[in-house]
Each structure stands twice: as structure tokens, then as C-alpha cells.
Amino acid sequence: MQPSRVKHTKTHKNGNKGYATRGTRLSFGSFGLKSEEAMWLKSNQLEAARKVMTRFIARGGKIWMRVFPDKPRTSNGGTKGMGGGRGALSHFVAPVEIGRVIFEIDGLPEATAREALRLGAHKLPIKTRIISR
């Protein structure tokens, strides 16, 4: 998962502290997965969580991903010494603040939706909470 194109491949890091001011309530589904920590989530972590939830619900209900990895990160490799400037584009991350809704699910019984979100939460490196309307 990555943007189709980016204007600048090497951006400032910017801090990821504090609480989310938007995206804190359910907008689409009846159940959601809310972050309790601030962190950059990699695109492969989000994709792994989405895939395991989709596989569990098996053609029932709908899943919305409320964050998108559009922040580019660079890497120079582990064996390179100091200096030489910034490295090449490595991967994309989604900055997630405390209280941000990451996934939403609708169209399923409560037990099934909670289990799907629980499985997805295990794929993410942050503490999360399952919320409902």
C-alpha cells in the first residue's frame, strides 16, 4: 500500500506526539479499532491487519481503513557509515496519534466483528481498543 505518486520523496520526520484531533469517532461502521499509542504504522503492518480481518469475515460485512500510509521514509542500509546524506526511499508510513480510529467494521454480528478486530489488532505494534457505537 502506497500512494500512486508523491511530490517529495524525502520529507521531514515531524513529531508524532499528543492526541488526535480528528478521526476519533466512528464514521462508517458500528465497530472500530482505536489506537491508544502514537506511532508510525508501516504499510505492510496495516496490510497484514486488513488481510487477516478480511479473511476472517469471509464475504460478510465491510471494512474501512481510516488511515493511509502516505508519508515516505528513507533508509541507507545498516552497513553504511555516517555521512553521505539521506538514503533512498524505503517504505511508507501512516502517522497515528492517540485516539485515532484505524479500522471500522459494519454488517456483522457483534461477536464476529470483535473477533475480527482482535485478530487485526494482533498484527499492529501498538496498543488498541475495540470501540462500538
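Attention in this report is confined to the structure presented alongside it. These numbers were taken from a predicted model, which means no experiment stands behind them.

### What to know about the sheet that holds strand E7 (residues 128-132)
Part 1 of the argument: The four strands are arranged E3-E6-E1-E7 in an open sheet whose pairing can be described as antiparallel. With partners counted over all chains shown, the strands left at the sheet margins are strand E3 (62-65) and E7, one partner each. Going from strand to strand, the sheet's axes swing by 20° on average, the running direction of each strand aside.
Part 2 of the argument: Looking at chain direction, strand E1 (residues 31-35) and strand E6 (residues 101-106) are connected through four bridges and run antiparallel. Paired with Gly32 across the two strands is Glu104, which belongs to E6.
Part 3 of the argument: Those strands touched by helix H1 (residues 43-57) are E3 and E6, and its axis lies near 15° from that of E6.
Part 4 of the argument: Sheet contacts for helix H2 (residues 110-121): E1, E6 and E7; angle to E1, the most-contacted strand, approximately 30°.

### Describing the packing of aromatic side chains
Part 1 of the argument: Across all of its chains, the model carries one aromatic pair by this definition.
Part 2 of the argument: Ring geometry for Phe28 and Trp64: centres 5.6 Å apart, planes at 20°, overall stacked. Here Phe28, found in the segment before E1, pairs with Trp64, found in strand E3; they are 36 residues apart in sequence, far enough to count as distant.

### Here's the deal with unusual backbone geometry
Part 1 of the argument: The phi dihedral of Ala58 is positive, around 45°, even though this residue is not glycine.
Part 2 of the argument: Position of Ala58 among the secondary structure elements: in the loop between H1 and E3.
Part 3 of the argument: Backbone geometry places Arg59, a non-glycine residue, at a positive phi of 65°.
Part 4 of the argument: What makes Arg59 exposed here is its relative accessible area of 87%.

Here is what the cut-offs are and how they apply
- Sequence order sets the numbering: in each chain, residues are counted from 1 along the sequence as written.
- Per-residue local features are limited, in this predicted model, to residues with pLDDT of at least 70; the limit for side-chain atom pairs, both in listing and counting, is 80 or more; totals at the level of whole chains, interfaces and linings are taken over all residues.
- Here the side-chain values reflect all heavy atoms present in the structure, with hydrogen atoms and water set aside.
- By this definition, two strands are paired if DSSP reports at least two bridges between them.
- Secondary structure elements follow DSSP: runs of H or I of four or more residues count as helices, runs of E of two or more count as strands, with numbering from the N terminus.
- Working convention: axes come from line fits to C-alpha atoms, limited for helices to the stretch in contact. Angles between N-to-C directions cover 0 to 180 degrees.
- What makes two residues a contact is simply this: any of their non-hydrogen atoms within 4.5 Å.
- Aromatic pairs are defined between Phe, Tyr and Trp rings, using the six-membered ring for Trp, whenever the two ring centres lie within 6.5 Å; interplanar angles under 30 degrees are classed as stacked, those over 60 as edge-to-face, and all others as tilted.
- Relative accessibility decides the category of a residue: with a 1.4 Å probe and only protein chains considered, values under 20% of the type maximum give buried, values over 50% give exposed, and everything between is partly exposed.

Read these as layout, nothing more, since geometry by itself doesn't imply function.
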